[in-house]
Amino acid sequence: MTRQPITLTRYILSQQQVHPEATGELSVLLTQIGLAAKIISRELSRLGFGALQGETGDTNVQGEEVKRLDRFANDTFIHAFGHSGLVCTLISEEMEKPLHLAENCPHAKYTLLFDPVDGSANIDVNAAVGSIFSIYRRPEGRDHTSPEANLRPGTEQVIAGYVVYGPGTMLVYADSRGVQGFTLDRGIGEFLLSHEKIRIPAKGKTYSVNEGHSGAWHPETRRFIEHLKAKDPKSGRPYSARYIGAFVADFHRTLISGGVFLYPADTANPKKPSGKLRLMYEVNPMALITERAGGRASTGTQRVLEVTPTSLHQRVPVIIGSADDVALGEKFARGEGA
Ligand code: FDP
């Protein structure tokens, strides 16, 4: 008899059995994220036919144009959790303020942060995009409606994950047991376990950064990238450049194949002194996944997961990926590079 594939739901349920104290809410929560991902994936696969193409005409809290797909994906996440009893507060890149689902709040144990469509500039050119999510326990003993109650460091995340919509759709998440990847089988409409216990190589062969902005980087960042590009076969250099322009897709490649991804501070752009990526629903989730897979995530000077947020939508410079490569980047950031 051939072995039956393990669906996301079955995998989550089997993990739940290892923890008899688990109430199952986290499992349903993950299954609902899987459902949102399937709906978004379906819409992406027929984007060329027009319905969700183009902009809404609005700008989001970051001052960026909101695409119709951004709005659709944001609503899809919200609908997945309405009347579910699972999540009290939703925080999204697309919403200036947290959304409290009043019907869930009396009992719901969790807060969900998400970026519904990451890399949305890729939508118009049929290239990879993603969704990112991060789950916290609901703040205890504090008014959940105060913005400060949700300003918690990434170390407090319970589960973090992403969905990459590429040639295939994959959902990857990290919990205390490690990092698992599931690929969407469109024929049966299920995420199937395809990448068990993902480990990131200790060292890679690629660097990933928007080098067009290098003139505005700190000199230490420029020196690090120049070092990776310099020929030295003994240490595996030069590294190759890879940049898709969607954080999820660039991160996914880095997680599977190793290497380093950076979005550094931009000294020339007063809007981006801390780079472009958002701490709470972009960088923190990937930092948790990276560490659970054996890698490293840093701002250059600090472990990402230990940054205490000062606002929900704050940005943070990031260097993330293979442990040795990120450690080298941090060395350069301290001015101690070769
Ligand atoms: P986008 O604005 O298209 O949503 O989240 C921001 C992000 O994409 C990341 O996914 C991506 O890595 C980065 O911006 C790309 O920015 P640059 O064009 O400055 O490289």
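It should be noted that the structure appears before, not after, this text.
**Notes on the environment of His144**
Next, step 1: By the secondary structure assignment, His144 is in the loop between β6 (129-137) and β7 (157-165).
Next, step 2: Separated by 67 residues in sequence, His144 and Glu211 have C-alpha atoms that sit 41 Å apart.
Next, step 3: Leave out the neighbours within four places in its chain, and His144 touches Cys88, Thr89, His100, Cys105, Arg138, Pro139, Ala149 and Asn150.

**Observations concerning the site of the ligand**
Next, step 1: Among the 15 residues in the neighbourhood of the ligand, the closest are listed as Asp118, Asn210, Tyr243, Tyr263 and Glu282.
Next, step 2: The separation between an oxygen atom of the ligand and a polar main-chain atom of Gly119 is 3.0 Å.
Next, step 3: Within the side chain of Tyr243, an N or O atom sits 2.5 Å from an oxygen atom of the ligand.
Next, step 4: Coverage of the ligand by the protein amounts to 87% of the 460 Å² it exposes when considered alone.
Next, step 5: Looking at the shell around the ligand residue by residue, the class counts come to 6 nonpolar, 5 polar and 4 charged.

**Concerning the sheet that holds strand β13 (residues 260-263)**
Strand pairing in a sheet relies on backbone hydrogen bonds. The paired strands run either parallel or antiparallel.
Next, step 1: An order of β12-β11-β13-β15-β14 is seen for the 5 strands of this open sheet, with the pairing classed as mixed. Looking at the sheet topology across the chains shown, the edges are occupied by β12 (240-241) and β14 (296-298).
Next, step 2: Relative to strand β15 (residues 318-321), β13 runs antiparallel, the two being bridged by 4 bridges. Across the sheet, Phe261 pairs through a bridge with Ile320, a residue of β15.
Next, step 3: Those strands touched by helix α4 (residues 219-229) are β11 (206-208), β13 and β15, and its axis lies near 150° from that of β13.
Next, step 4: Helix α7 (residues 323-333) rests against β13, β14 and β15 of the sheet, and its axis sits at about 25° to β14.

**Notes on the sheet that holds β7**
Next, step 1: In spatial order, the strands read β4-β3-β5-β6-β7-β8-β9-β10; together these 8 strands make up an open sheet with mixed pairing. Each edge of the sheet is formed by a strand with only one pairing partner; in this case those strands are β4 (99-100) and β10 (190-195).
Next, step 2: Looking at chain direction, strand β3 (residues 87-92) and strand β5 (residues 110-118) are connected through 5 bridges and run parallel. Within the sheet, the bridge partner assigned to Ile91 lies in β5 and is Leu113.
Next, step 3: The strands touched by helix α2 (residues 25-45) are β3, β5, β6, β7, β8 (169-175), β9 (178-185) and β10; relative to β7, the strand with the most contacts, the crossing angle is about 20°.
Next, step 4: The strands touched by helix α5 (residues 247-257) within the sheet are β5, β6, β7, β8 and β10, with β7 carrying the most contacts at an inclination of about 105°.

**A short note on the pattern of salt bridges**
Next, step 1: One pass over the full model with this rule turns up 18 salt bridges.
Next, step 2: The residue Glu55 makes a salt bridge to Lys67 at a minimum N-O spacing of 2.7 Å. Pair noted here: Glu55 is in strand β1 (residues 55-59) and Lys67 is in strand β2 (residues 65-67), with a separation of 12 residues, a long-range link.
Next, step 3: Classification of Glu55 as partly exposed rests on a relative accessible area of 37%.
Next, step 4: Measuring nitrogen to oxygen at the nearest pair gives 2.7 Å for the salt bridge that ties Asp175 to Arg177.
Next, step 5: A residue is classified by how much of its surface remains accessible, and Asp175, at 7% relative accessible area, is buried.

**Observations concerning the packing of α5 against helix α6 (residues 279-292)**
A pair of packed helices is captured by two measures, namely the crossing angle of their axes and the spacing between those axes.
Next, step 1: Viewed as axis vectors pointing N to C, α5 and α6 meet at an angle of 10°, and their least axial separation amounts to 12 Å. As far as their axial angle goes, α6 and α5 are roughly parallel. Seen from α5, the contacting residues are Phe247, Val248, Phe251 and Leu255; seen from α6, they are Glu282, Val283, Met286, Ile289 and Thr290.

**With respect to the side chain of Glu93**
Next, step 1: Counting through the fold element by element, Glu93 comes out in the loop between β3 and β4.
Next, step 2: Only 2.9 Å separates the side chain of Glu93 from the side chain of Arg278, close enough to count as a polar contact.
Next, step 3: For Glu93, the residues in contact, after removing those within four places along its chain, are Asn60, Val61, Gln62, Glu64, Phe114, Asp115, Val117, Arg278, Tyr281 and His313.

**Overview of the pairing of β8**
Next, step 1: Of all 7 residues in β8, 7 are buried; the element is thus mostly enclosed.
Next, step 2: What you see with β8 is no split at all: Thr169, Leu171, Tyr173 and Asp175 on one side and Met170, Val172 and Ala174 on the other are buried throughout.
Next, step 3: Across 6 bridges, β7 lies against β8 in antiparallel orientation. Each residue of the ladder has a partner; that of Val164, found in β8, is Met170.
Next, step 4: The pairing of β8 with β9 spans 6 bridges and is antiparallel. If you follow Ala174 over to β9, its bridge partner there is Val179.
Next, step 5: Between β8 and β9, which pair antiparallel in sequence order, lie 2 residues.

The rules behind these values
Residues numbered from 1 in each chain as written. Predicted model: local features only at pLDDT ≥ 70, side-chain atom pairs only at ≥ 80, totals over all residues. Heavy atoms only, no water. Helix = DSSP H or I, 4+ residues; strand = E, 2+ residues; numbered from the N terminus. Contact = heavy atoms within 4.5 Å. Near = heavy atom within 4 Å. Polar contact = N/O pair within 3.5 Å; in protein donor to acceptor, adjacent residues only side chain to side chain. Areas by Shrake-Rupley, 256 points an atom, 1.4 Å probe, with all protein chains shown as cover. Nonpolar A, V, L, I, M, F, W, Y, C, P; charged D, E, K, R; others polar. Pairing = 2+ DSSP bridges. Axes fitted to C-alpha atoms, helices over the stretch in contact; angles between N-to-C directions. Salt bridge = Lys/Arg side-chain N within 4 Å of Asp/Glu carboxyl O. Buried < 20%, exposed > 50% of the residue type's maximum accessible area, 1.4 Å probe, protein only. Parallel < 35°, antiparallel > 145°, perpendicular 65-115°, else oblique.

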